[in-house]
Amino acid sequence: MFSAFRALVASASRPLNVDEGHLRVHVEESQLEAASAACPVCGLGPRQARVKVQDGPEVWFAACGHCSACSASRMPTEAFLESYYRDYFADGGVRVSFQQYERFYRRMQRVGALPYHVVGECRILDFGGGDGRMALHIAQRLIDEGVIERACVTLVDFSAPAEPASEQVGVVKAQLEEVGGASQDMVVASGVLEHIPDLHDALRQVVRVMRPGARMYARAPYAMPMKRVFSDYDLQFPMHVHDLGPGFWRKWCDEDRGVRLRLSQPSIVKYPFAAMPLHALAAGLMKLPAHVQVRLPLLRELPLLWRFVGGWEVVVERDQ
Ligand SMILES: [Zn+2]
């Protein structure tokens, strides 16, 4: 009975584990930083090894006892990641983590991530969104709806920014450290946090640039529960070095950073139903029990009862 259930879940979970862009590579000793006892997300710990993602040299995903994030026990070096992502982007294709811009915009609307409180000019930080097309689309749609008059998108990524659709939208490229403090009305961090070895500093920078009342949408893998049951599940190391679930986000927001958690739920299904109905349906069903739990007041505060969701998304608001 259990093995039949396991086979069913394994088959249904496959759509949660497809990332067409993932380059599988073995990371050599010289390409890895030394193991650190401190957690790369909160700077504290202790960390406990949970699942091995590579042999010779061994790399584990380890859970932090303080913040609940799971991260690689040894991080790839900066030089390795630079050459890795150069290969990743070598095909010159569309460089965004989510390619259905309008569907993504509607999702931002539904989850309350859009800066409807802003009038006049809106500033959007696109953190790791490839060439910035998702944020540029959000900016243009807000103008078309009459919410704002102008928008400036700041793109933090390796790629050159795409062309805005109108003169009302400007775009600049910057490093996160160069963005002014309390300057942004919205931050889009979709599918990027899991790639950043020093996530502690990156998250600190993101909070720094948010204006009072600004919102951040973040989406990252939450796949450790899947990996612990299905050993062949691919956590996508070295591309992904963190796994962030609801427990992490609750603690991160609780720790007096001047932010509060507005929404925390299983992440959007990547596949458009019209193009990939079976994959979209299977992924949607896998996420459904957790969606129900986070909407029920009596169950919302409990640890997640069904954790096979593959990814998690949050909307975080900067205190007024
Ligand atoms: Zn931690």
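The sections below set out a description of the structure shown in this document. Per chain, the residues get numbers from 1 upward, laid out in the order the sequence is written. Only residues with pLDDT of at least 70 get local features here, since the model is predicted, and only at 80 or more are side-chain atom pairs given and counted; chain-wide, interface and lining totals rely on the full set of residues. Excluding hydrogens and water, the side-chain values take into account all heavy atoms of the structure.

## Looking at the side chain of Asp131
- Each helix corresponds to a stretch of at least 4 residues labelled H or I by DSSP, and each strand to a stretch of at least 2 residues labelled E; elements are numbered beginning at the N terminus. In this fold, Asp131 is placed in the loop between β4 (121–127) and α4 (133–144).
- Each residue is assigned to one of three classes by its accessible area relative to the maximum for its type, calculated with a 1.4 Å probe on protein chains only: buried under 20%, partly exposed between the two thresholds, exposed over 50%. Owing to a relative accessible area of 6%, Asp131 belongs among the buried residues under this scheme.
- Polar contacts involving the side chain of Asp131 include one to the side chain of Arg133, which spans 2.7 Å. Identification of polar contacts relies on pairs of N or O atoms within 3.5 Å, with a donor-acceptor requirement for protein atoms, meaning one able to donate a hydrogen and the other able to accept it, and with residues adjacent in sequence counted only if both atoms are side-chain atoms.

## Thoughts on the coordination of the zinc ion
- Those donors, Cys39 (SG), Cys42 (SG), Cys64 (SG) and Cys67 (SG), are the protein atoms that reach the zinc ion, and they lie 2.2 to 2.3 Å from it.
- Ligating atoms shown are N, O and S within 2.8 Å of the metal, or 3.2 Å for Na, K and Ca, and water is not included, meaning a site may look less than complete. Under this scheme a four-donor centre is tetrahedral when all angles range from 85 to 135 degrees, a four-donor centre is square planar and a six-donor centre octahedral when opposite donors are above 155 degrees with the rest from 65 to 115, and any other centre is irregular. Geometry at the zinc ion is tetrahedral, judged from the 4 donor atoms that bind it and their angles of 105 to 116 degrees at the metal.
- Spacing between the donor residues of the zinc ion along the chain follows C-x2-C-x21-C-x2-C. Of this pair, Cys42 sits in the loop between α1 (2–13) and β1 (47–54) while Cys67 sits in the loop between β2 (59–64) and β3 (70–72), and the two are 25 residues apart along the sequence. In this structure, Cys42 and Cys67 share a single accessibility class: buried.

## So, the pairing of β1
- Only strands that DSSP links by at least two bridges are regarded as paired with each other. Pairing analysis gives 6 bridges linking β1 to β2, with the strands arranged antiparallel. Counted as the bridge partner of Gln48 is Ala63 from β2.
- Counting the residues that bridge the hairpin from β1 to β2 gives 4 residues, and of these Gly56 lies at a positive phi of roughly 50 degrees.

Geometric values such as these leave the question of function open.
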